[in-house]
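What follows is the residue order along each chain.
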Amino acid sequence: TGGAKGIGRHYSMALAAEGARVMIADIADGSAVAKEIAARHSAENVASATFDVSDEAQVKALVAQTAERFGQIDILVNNAALYATLAPRNFDQWDADVWDKVMAINVRGPYLMVRHVSPHMMARKSGKIINIASGAAYKGIPRMLPYVTSKGAMLAFTRSLSRELGAHGIAVNSLSPGYILSDTGLANTTHVEEERVAVRNSRAFKRDGYPEDLTGALVFLCSDDSNFVTGQSLVVDGGSVNN
């Protein structure tokens, strides 16, 4: 989900490069990414669909479309989230409707995806679910309270869900990126101004993070190399700590 632009585009490209058949599902149009993947690999290995991850009817339709297109669903990457368009503000300045929208996309969305994808995995007694959390949930980044709260929820969601789906041979893990300079993130200069320098200085590796820094970890969590790993969160943030 959220595979049409930003970090999600890089996830889509990386999985396709490893031989995965990829459904790019996003509220944005992913056809351009699908065409790029088709040109590099095979048109048989990619499709795209536009949908709203917080709408259960649209989620059900997407899952049915994906199963019909590819015959099975082995991997779910819960990447769609509301972040880049959120302007940082103090904790008491978040309107309730904005709070609810963040939770609908960032928390309800992954739940709906799991609810409707997991039966396909359970029938095959295998599968990989990767929830995209955030290093922000560990550090408690200020002025982004609903986003950080939603990503903390993803960590708990992962741990609890792994206990339920383990009996069905399904691995459930989280990938927790640090602050990453993606094209969508750079488009919001407020985030860049408030976070970039401070985060870079907090890292063991004194450099910016880019989407390419995340794809190896994602591929690992999607592959057979992580078959005995579940309920975990892999943090990829250059060794960042609170200053």
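My aim in this report is to walk through the structure given alongside it, one point at a time. (Residues numbered from 1 in each chain as written. Predicted model: local features only at pLDDT ≥ 70, side-chain atom pairs only at ≥ 80, totals over all residues. Heavy atoms only, no water.)

Section: the overall build of the chain
Across its full length, the chain holds nine helices and six strands. Whereas a compact globule of 243 residues would reach a radius of gyration of roughly 18 Å, the chain reaches 17 Å, a difference of no more than 12%. Each principal axis of the C-alpha distribution contributes one length, and for the chain these read about 45 × 40 × 35 Å. Counting only residues that meet the buried cut, the chain has 50% of its 243 residues in that class. A fraction of 73% describes how many contacts in the chain between residues 6 or more apart in sequence connect residues 24 or more apart. (Helix = DSSP H or I, 4+ residues; strand = E, 2+ residues; numbered from the N terminus. Rg over C-alpha atoms; globule rule 2.2 N^0.38 Å. Buried < 20%, exposed > 50% of the residue type's maximum accessible area, 1.4 Å probe, protein only. Contact = heavy atoms within 4.5 Å.)

Topic: unusual backbone geometry
Positive phi values are uncommon outside glycine, yet Lys125 reaches one of about 60°. Looking at the element boundaries, Lys125 is found in the loop between helix H4 (96–124) and strand E4 (127–132). In this structure, Arg143 is a non-glycine residue whose phi angle is positive, near 70°. As for its placement among the helices and strands, Arg143 is situated in the loop between helix H5 (136–139) and helix H6 (145–165). Overall, Arg143 belongs to the partly exposed group, its relative accessible area being 30%.

Some details on the nonpolar core
Membership of the largest hydrophobic core comes to 36 residues, with the highest contact counts inside it found for Phe51, Leu62, Leu76, Leu86, Met113, Val117 and Ile129. Within the residue set of this core, elements represented by two or more residues are strand E1 (22–26), strand E2 (46–50), helix H3 (56–70), H4, H6 and strand E5 (170–177). Not counting the four nearest positions on each side in its chain, Phe51 is found in contact with Thr1, Ala25, Asp26, Ile27, Gln58, Val59, Leu62 and Met113. Counting 26 residues, the second largest nonpolar core, distinct from the first, contains Ala14, Val22, Val46 and Ile180. (Core = buried A, V, L, I, M, F, W, Y, C linked by side-chain atoms within 4.5 Å.)

Considerations on the pattern of salt bridges
Scanning all chains against the criterion turns up eight salt bridges. Salt-bridge contacts for Arg200 lead to Asp208; the nearest nitrogen and oxygen are separated by 3.3 Å. Owing to a relative accessible area of 26%, Arg200 belongs among the partly exposed residues under this scheme. The exposure class assigned to Asp208 is buried, which follows from its relative accessible area of 9%. Linked by salt bridges that have partners in common, Arg9, Glu36 and Arg40 make up one network. (Salt bridge = Lys/Arg side-chain N within 4 Å of Asp/Glu carboxyl O.)

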